[in-house]
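Architecture at a glance
Below are the chains, spelled out letter by letter.
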Amino acid sequence: MSRFLLCLGALLLVSTSCTTTTEARALKPEAGRKQAPGFDLKDSTGKAVKLSEYKGKVVLLNFWATWCGPCKVEIPWFIDFETRYKDQGFAVLGVAMDDEGWSIVKPYIDQKKINYRVLMGTDPVAQLYGGVESLPTTFVLDRDGKIAGVHIGLVSKSEYENDIKQLLGQKKANWFQPIRLGDLASMLLGR
Amino acid sequence: MTVASGGKVVAKRGETAVATVRITVKPGFHINSNTPNEEYLIPLRLTWEPKPLVMESIKFPTPKQDKFEFSEKPLSVYEGEFVIETKFKVPADAPTGMGLASGKLRYQACSNTACYPPKTVPVQIPLDIR
């Protein structure tokens, strides 16, 4: 039994350290994360939306514009993420930076069948997020509303998905999934 | 990106004159041409104030058709250095002497992975109207 506990302890240690290493590479460590600046922006229905409403959720806060080619590539990915991870406490928030406003953004949302919430950005909000000099710029927020990562420019879909999974806690779950306690006990006891 | 006048234009009253604007796009970047081939892309635009010269036509160079990491098909763009020519009509009553043709250039630049908000910059061409 003591050998079983020793093996289990070692397994936990390895799993935790592996997870930590992966997180450190992609996302900021929890201790170093800063609170995402709050804002109050309108969505396409005219409803005022506060970022604080999303506390408790992992959020992909994506600054984009209709004239931005690389942003267009990411939109289908975000639609997919919204569909697959919404029920696990995840949301995409698009912040459109088009000077023309909803007259150009609304038809674009319809054309691309965007299923996540899009807000109309303002320069003051962009300034709160460091100016957002180029698009796309995407902030990955953890469940506490803290900035866990930033992607400037087009990155791969898998980079976003790794961030989302890590923040939703799926990564850790996956590490443990292949060896369940019952299976481990069977292995160690030879049953 | 830099925008420079192609030099002073000597314009005679009642005739036409051609002014050039020289544009240099930083390496690794491109701007949409005046005729982008995808919806929602912001075209390059050059506009002129109606005085002291009257704009007749603007000649943009042939754009490049380049494919980027984010584009499924080639886009109509300008890269590097290029020149835009504007043909002006010099009114018979235009004030003689030194002057300026003033205009605005609107462009929107991207790299292979990111885009920058559209910008409008002033353009001025020195004139010598005779």
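Section: the overall build of chain A
Helix and strand content of chain A: seven helices and eight strands. The long-range fraction of contacts in chain A, counting pairs at least 24 apart against all pairs at least 6 apart in sequence, stands at 76%.

Looking at the overall build of chain B
The secondary structure content of chain B amounts to zero helices and 12 strands. Going residue by residue from the N terminus, the α and β elements of chain B occur as β-β-β-β-β-β-β-β-β-β-β-β. On the principal axes, the C-alpha backbone points of chain B span a range of 50 × 20 × 20 Å. Taking all 130 residues of chain B together, 31% fall into the buried category. Long-range pairs, those at least 24 residues apart, make up 72% of the contacts in chain B between residues at least 6 apart in sequence.

Describing the confidence of the model for chain A
Considering every residue of chain A, the mean pLDDT works out to 83; 75% of them sit at 70 or more. Long-range and interchain partners of residues 1-25 of chain A, a stretch whose pLDDT sits below 50, account for 15 contacts in this model, where long-range means more than four residues apart.

Focus on the pairing of strand S8 (residues 75-78) of chain B
If a strand is regular, its side chains alternate between the two faces of the sheet. Residue and element names in this part refer to chain B. Covered by surrounding structure in S8 are Leu 75 and Val 77 together with Ser 76 and Tyr 78, the residues of both alternating faces. In the sheet, strand S4 (residues 30-32) pairs with S8 via two bridges, with the strands oriented antiparallel. Each residue of the ladder has a partner; that of Ile 31, found in S8, is Tyr 78. With three bridges joining them, strand S7 (residues 64-66) and S8 adopt antiparallel strand pairing.

Some words on the nonpolar core
By size, the foremost hydrophobic cluster in this structure holds 54 residues, and its most contacted members are Leu 60, Trp 64, Ala 65, Phe 81, Leu 135 and Leu 141 of chain A. If one sorts the elements of this core by residue count, strand S4 (residues 58-64) of chain A sits on top with six residues. The residues contacting Leu 141 of chain A, other than those within four sequence positions of it, are Ala 36, Val 58, Val 59, Leu 61, Lys 146, Ile 147 and Ala 148 of chain A. One finds Ala 17, Ala 19, Leu 53 and Ile 125 of chain B within the second-largest nonpolar core, a separate group that totals 12 residues.

Observations concerning the environment of Val 83 of chain B
Residues and elements named next belong to chain B. Looking at where Val 83 falls in the secondary structure, it is placed in strand S9 (residues 81-89). Put simply, Val 83 and Pro 61 are 22 residues apart on the chain and 6.9 Å apart in space, counted from C-alpha to C-alpha. Sequence-distant contacts of Val 83, that is, excluding residues within four places in its chain, are made with Gly 6, Thr 20, Val 21, Arg 22 and Pro 61.

Examining helix H5 (residues 157-168) of chain A
All names here are of chain A. Spanning 12 residues, H5 covers 16 Å between terminal C-alpha atoms, matching the ideal 16 Å at 1.5 Å per step. Looking at H5, one finds that the buried residues are Tyr 160, Asp 163, Ile 164, Lys 165, Gln 166 and Leu 167. At the exit of H5 stands Gly 169, carrying a positive phi of roughly 85 degrees.

Some thoughts on the sheet that holds strand S2 (residues 9-11) of chain B
Residues and elements named next belong to chain B. What the four strands build is an open sheet, ordered S2-S12-S10-S5; its pairing is mixed. Two strands bound the open sheet, and with one partner strand each, they are S2 and strand S5 (45-48). Strand-to-strand twist in this sheet, taken as the mean axis angle between neighbours without regard to direction, amounts to 35 degrees. By the bridge criterion, 11 bridges tie strand S10 (residues 97-107) to strand S12 (residues 119-129) in an arrangement that is antiparallel. Paired with Leu 100 across the strands is Pro 126, a residue of S12.

Considerations on the confidence of the model for chain B
In this model, chain B carries a mean pLDDT of 95, and residues with pLDDT of at least 70 account for 100%. For this predicted complex, the interface confidence comes out at an ipTM of 0.89, alongside a pTM of 0.82.

Analysis parameters
- Residues numbered from 1 in each chain as written.
- Chains lettered and ligands numbered in written order.
- Predicted model: local features only at pLDDT ≥ 70, side-chain atom pairs only at ≥ 80, totals over all residues.
- Helix = DSSP H or I, 4+ residues; strand = E, 2+ residues; numbered from the N terminus.
- Contact = placed C-beta atoms within 7 Å.
- Buried ≥ 20, exposed ≤ 12 C-beta atoms within 10 Å, placed from the backbone.
- pLDDT = per-residue confidence, 0-100.
- Pairing = 2+ DSSP bridges.
- Core = buried A, V, L, I, M, F, W, Y, C linked by C-beta atoms within 7 Å.
- Expected span 1.5 Å × (residues − 1).
- Axes fitted to C-alpha atoms, helices over the stretch in contact; angles between N-to-C directions.

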